[in-house]
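Structural overview
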Amino acid sequence: LKTTGAMAASAAQNFSQEQPDNADPSKAYLNEELIRLDSQNYVEAFQKKMKENGIIVRHDNVKMLEIMMTYSGDEEEIDKEEWKKKSVEWVQNYFGKDNVVSAVYHGDESSPHIHAAVIPIVDGRLYASEYINGKAKCANMQSSYAEAVKDAGLERGMENTPVSYQTMQKLRTATEKVARENLPPPMRDESLESYYARANDY
């Protein structure tokens, strides 16, 4: 995130001020602040860190990294509380505890996930490239995370997929659009099995 506007938008979504289309309002109670934001918002947290560390910000600095930690698989085989705990430990160890200003768990969306807000301070300056410069660093980050959460019943996914992330996002968006236009909406408290049977008869 390079601008205060981007940080504000990220905070609005992460703290459910703007709910995404795939969020279920009836499950909002599952959301949880795992690392408490000790400021009014991300912008204020960033400004506070800059003042504390005496950092002069350049216009082209990456001001904040948003790290999303998630998984897929059989919910019954995954220790979700252990996953949350290990995720928090990993993000603080990997980026430095003082650099992680917030972590929020979202349990009201189709895939459970955690958003962590990281201010990438390295040796007294903003230096995001220490963590995300190039595919190798990003792949190593993912492998490090997978190792940290394996005791929760998880294993690392494919390192090199045959299609790009952008292509997968487009495919997922198109699939969701077709589903919205051609399938009935789920009913409150309806089980997955019941919805599947009803959708097949639709």
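Residues numbered from 1 in each chain as written. Predicted model: local features only at pLDDT ≥ 70, side-chain atom pairs only at ≥ 80, totals over all residues. Heavy atoms only, no water.

Below, the discussion takes up the sheet that holds strand β3 (residues 100-106). Strand pairing in a sheet takes place through backbone hydrogen bonds and is either antiparallel or parallel in direction. Ordered in space as β1-β3-β4-β2, the four strands form an open sheet in which the pairing is antiparallel. Both edges of this open sheet fall to β1 (32-35) and β2 (65-70), since each of them pairs with a single strand only. Adjacent strand axes in the sheet meet at a mean angle of 20°, parallel and antiparallel pairs treated alike. (Pairing = 2+ DSSP bridges. Helix = DSSP H or I, 4+ residues; strand = E, 2+ residues; numbered from the N terminus. Axes fitted to C-alpha atoms, helices over the stretch in contact; angles between N-to-C directions.)

So, on to the pattern of salt bridges. On inspection of all chains with the given rule, the structure shows eight salt bridges. As a salt-bridge pair, Asp 60 and Arg 58 come within 3.1 Å of each other at their nearest N and O atoms. We note a salt bridge from Lys 150 to Glu 147, for which the minimum N-O separation is 2.8 Å. In this structure Lys 150 comes out as partly exposed when scored by relative accessible area, which is 42%. The structure contains a network of salt bridges with shared partners spanning Glu 32, Glu 81 and Lys 84. (Salt bridge = Lys/Arg side-chain N within 4 Å of Asp/Glu carboxyl O. Buried < 20%, exposed > 50% of the residue type's maximum accessible area, 1.4 Å probe, protein only.)

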